[in-house]
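Structure assessment
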Amino acid sequence: MRKGYDIAVSFVLAVGVWQLVVWATGVPHYILPGPYRVWQSFVFNFPLIMEHAQITIAEVLIGFVIGAALGMTTAMHLMVSPAARRFMLPVMVFSQAVPVFALAPILTLWLGYGIASKIVMAILIIYFPVASNFFDGLRRCDPGLLDLAQTMGASETSTLLRLRLPAALPSLGSGLRLAAVYAPIGAVIGEWVGSSQGLGYLMLLANGRAKIDLMFAALFVLALFTVALHALVGRASKRMTDWSG
Amino acid sequence: MALSTSSPASGLPGVTLQGDFSHQHQVLFRDLELRVEAAEWTCLLGPSGVGKSTLLRLLAGLETGGAFTGTIDTDDHFPLQGRVAYMGQADLLAPWLNIHDNVLLGARLRGSAPDHGRAETLIARVGLADHTAKRPAALSGGMRQRVALARALMEDRPFVLLDEPFAALDAKTRAEMQELAFELLAGRTVLLVTHDPSEAARLGHHILIMTANGLNRHPTPSRPPIRPYDAPETLAAQIALMSQLRSQPDA
Ligand SMILES: Nc1ncnc2c1ncn2[C@@H]1O[C@H](COP(=O)(O)OP(=O)(O)O)[C@@H](O)[C@H]1O
Ligand SMILES: [Mg+2]
């Protein structure tokens, strides 16, 4: 409850500072609208915002599930296969040097204006944090525990599934929490580059028509969804790893 | 007590390890001969880094990161593999499993049917009957080491390798653990690495001191273990052992 109180206080403070800046600078509302104006726009445009939010949420959730599954599979594969570690790991690390944003136009070209290209953006942006965090956790299993498993006559597979995997769940949780924050970024960038729906599209549209209050309202909904997803994933991974400090 | 925790049915063999060992051309020991007598406690002492843990890992069939040339022979000529239980200084409990499931770790890992009744019996035997549903984090260091002992007993292996298993415990808990382990491991062939002369004086049927030049046998009191820590002959053995260790050069 203490946490909820803290969040409420900092929210009120942030809105207060925002309003103060608007008053103090006298900046026109088509440059920076005040919080109340954004709220009004949110209420007035609620059906429109929700229509677009649905699309973005669907892209993010589908991307999250597929990206997380791919990342986890890759980590397990890297763990069991020395060849994969030798040849795949360098490619994966190098691929991180390519900004995912730079791929958005080409993905749109290949996959079209629909949600597919945005889902792929979300997958690409979360794949590496999930794979690398999980792989790290799998690899860092206590060597003493692994020795013990060997004296107990455990097979490689059962050592992986019954020791390395549960021991790596906290690291997987960190990867998934990062993914929860990154996935919406991927989807929105995809929408900016080319789409006719989604919160990213709506924000661009509102911006272009100088409806900055609508832009902020859409941004606010996006942020709220991201925070909710992060909290949900955080709670789920905490449940899975209630044993770790 | 007619508990299945002691005396594995088959006749117990002793073990002999003979040979050389080196890490990247750096010789750790040469022409070493280690004899571990059947159904008795052999205590192994020696300075840090002399190679005691390496010997244990060789016997346990674990990776040592070095090269061993030589033989590991059992009196019955069956391989040691699959007949060894290992316990170290760290309790190595899986933090996500409760005590009951930690004791059953071997069965879980082998995918064999877990014997829940026997696990509970052993947990009660090490005095943790009230704690079976707890996770390791909720237990003290001494309690966790007792779980590790129950887990080793659950494996029911004739050879038991102990690498400083009580080193991290306070004096009182350590003495209690020595008594409990000695009682529960009765009838098994035990090799115990220890830095504590009093532990060796209490527990050893045989005491060996490892130096850079090999293993030296140290005399043990005529009274069989486990010996009271305050018996004159235990104390005399402890003092003699201490002087012997102090006269050794560092590894
Ligand atoms: N992978 C390794 N490569 C090189 N030297 C090692 C390696 N592992 C252990 N050693 C060395 O082997 C020696 C014996 O180690 P160990 O058997 O653990 O000694 P003890 O248990 O008697 O303290 C030590 O000097 C240690 O530094
Ligand atoms: Mg050692």
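In what follows, the structure referred to is the one given above.
First, a word on what this report is: a plain description of the structure on this page. Being a predicted model, the structure only gives us computed values, none of them experimental.

Rules of the game
Position labels on residues start from 1 in each chain and follow its written sequence. Chain letters and ligand numbers both follow the written order, the letters beginning at A and the numbers at 1. Restriction of local features to residues with pLDDT of at least 70 applies here, the model being predicted, together with a cutoff of 80 or more for giving and counting side-chain atom pairs; totals for whole chains, interfaces and linings are based on all residues. Computation of side-chain values covers all heavy atoms of the structure but excludes hydrogens and water. Here a strand is any run of E in DSSP of at least two residues, a helix any run of H or I of at least four, and the numbering for each starts at the N terminus. Three labels apply to residues, based on accessible area from a 1.4 Å probe with only protein chains included: buried if under 20% of the type maximum, exposed if over 50%, partly exposed otherwise in between. To measure how exposed things are, a 1.4 Å probe is used in the Shrake-Rupley method; for residues, cover is taken only from the protein chains shown. Positive charges come from Lys and Arg alone, negative charges from Asp and Glu alone, with His and the N- and C-terminal ends not counted. To locate a charge, take NZ of a lysine, CZ of an arginine, CG of an aspartate or CD of a glutamate. Axis definition: a line fit to C-alpha positions, over the contact stretch in the case of helices; interaxial angles, taken between N-to-C directions, run 0 to 180 degrees. Note that the term roughly parallel is reserved for angles under 35 degrees, roughly antiparallel for angles over 145, roughly perpendicular for angles of 65 to 115, and oblique for everything else. Two helices crossing with the near one rotated counterclockwise from the far one by less than a right angle form a left-handed crossing, whereas a clockwise rotation gives a right-handed crossing. Contacts between residues were defined by any pair of non-hydrogen atoms, one from each residue, lying within 4.5 Å. When residues are grouped by polarity, Ala, Val, Leu, Ile, Met, Phe, Trp, Tyr, Cys and Pro land in nonpolar, Asp, Glu, Lys and Arg in charged, and all others, Gly among them, in polar. Accessible-area loss on putting two parts together, using a 1.4 Å probe and summing over both, is the definition of buried area adopted here. Put simply, a salt bridge is a Lys or Arg side-chain nitrogen that is within 4 Å of an Asp or Glu carboxyl oxygen. Two strands form a pair only when DSSP identifies at least two bridges running between them.

1. Looking at the overall build of chain A
Each helix and strand counted, chain A has ten helices and zero strands in total. The N-to-C order of helical and strand elements in chain A reads α-α-α-α-α-α-α-α-α-α. Based on the C-alpha atoms only, the size of chain A along its principal axes is roughly 75 × 50 × 30 Å. By residue count, 42% of the 245 residues in chain A fall in the buried class. As presented, chain A carries roughly 13300 Å² of accessible surface, and 70% of it is formed by carbon and sulfur atoms. Charge separation in chain A, taken as the distance between the mean sites of 16 positive and 10 negative side-chain charges, equals 2 Å.

2. What about the packing of helix α8 (residues 156–193) of chain A against helix α10 (residues 212–240) of chain A?
All names here are of chain A. At a minimum axis separation of 9 Å, α8 and α10 run at an interaxial angle of 165 degrees. As judged from the angle between their axes, α8 and α10 are roughly antiparallel. Where α8 crosses over α10, the handedness of that crossing is right-handed. Between α8 and α10, the contacting residues are Leu 169, Gly 173, Leu 176, Arg 177, Ala 180, Val 181, Pro 184 and Val 188 on the first element and Leu 222, Phe 225, Thr 226, Leu 229, His 230, Val 233, Gly 234, Ser 237 and Met 240 on the second. Tallied by class, residues from the contact of α8 with α10 come to eleven nonpolar, five polar and one charged.

3. Some details on the interface of chain A and chain B
With 19 residues of chain A at the contact, the number on the chain B side is 18 residues. Here chain A packs against chain B, burying approximately 1800 Å² in sum over the two surfaces, 65% of which is carbon and sulfur. When the buried surface of chain A facing chain B is broken down by residue, Thr 151, Met 152 and Trp 243 of chain A rank first, second and third, together holding 39% of it. Scanning the region where chain A abuts chain B turns up two salt bridges.

4. Digging into unusual backbone geometry
All names here are of chain B. Cis geometry marks the peptide bond from Pro 225 to Ile 226; its omega dihedral reads 5 degrees. By the secondary structure assignment, Ile 226 is in the loop between β9 (214–218) and α8 (232–246). Phi angles above zero are rare outside glycine, and Glu 164 is one such case at about 45 degrees. Counting through the fold element by element, Glu 164 comes out in the loop between β6 (159–163) and α6 (171–184). We classify Glu 164 as buried; its relative accessible area is 15%.

5. As for the pairing of β9 of chain B
All names here are of chain B. Where strand β8 (residues 206–211) lies against β9, five bridges are found, and the strand directions are antiparallel. Looking across to β9, one finds that Leu 208 is bridged to Arg 217. The turn linking β8 back onto β9 is made up of two residues.

6. Here's the deal with the environment of Met 152 of chain A
Tracing the backbone shows Met 152 of chain A in the loop between α7 (143–151) and α8. Owing to a relative accessible area of 3%, Met 152 of chain A belongs among the buried residues under this scheme. Separated by 18 residues in sequence, Met 152 of chain A and Pro 170 of chain A place their C-alpha atoms 25 Å apart. Dropping the residues within four chain positions of it, Met 152 of chain A is found in contact with Leu 105, Gly 106, Leu 109, Arg 110, Arg 151, Glu 155 and Arg 157 of chain B.

7. A closer look at the pattern of salt bridges
Inspection of the entire model under this criterion finds 18 salt bridges over all chains. Here Asp 213 of chain A ties to Arg 37 of chain A by a salt bridge, and the two come within 3.8 Å at their closest N and O atoms. With Asp 213 of chain A in helix α10 and Arg 37 of chain A in helix α2 (residues 35–44), the pair connects residues that are 176 residues apart, well separated along the chain. Look at Asp 213 of chain A and you get buried, because its relative accessible area is 17%. On the basis of relative accessibility, which here comes to 35%, the residue Arg 37 of chain A falls in the partly exposed class. A salt bridge links Glu 183 of chain B to Arg 125 of chain B; the nearest nitrogen and oxygen atoms lie 2.2 Å apart. With Glu 183 of chain B in helix α6 and Arg 125 of chain B in helix α4 (residues 116–125), this pair connects stretches of sequence that are 58 residues apart. Salt bridges linked by common partners bring Asp 136, Arg 139 and Arg 140 of chain A together as one network.

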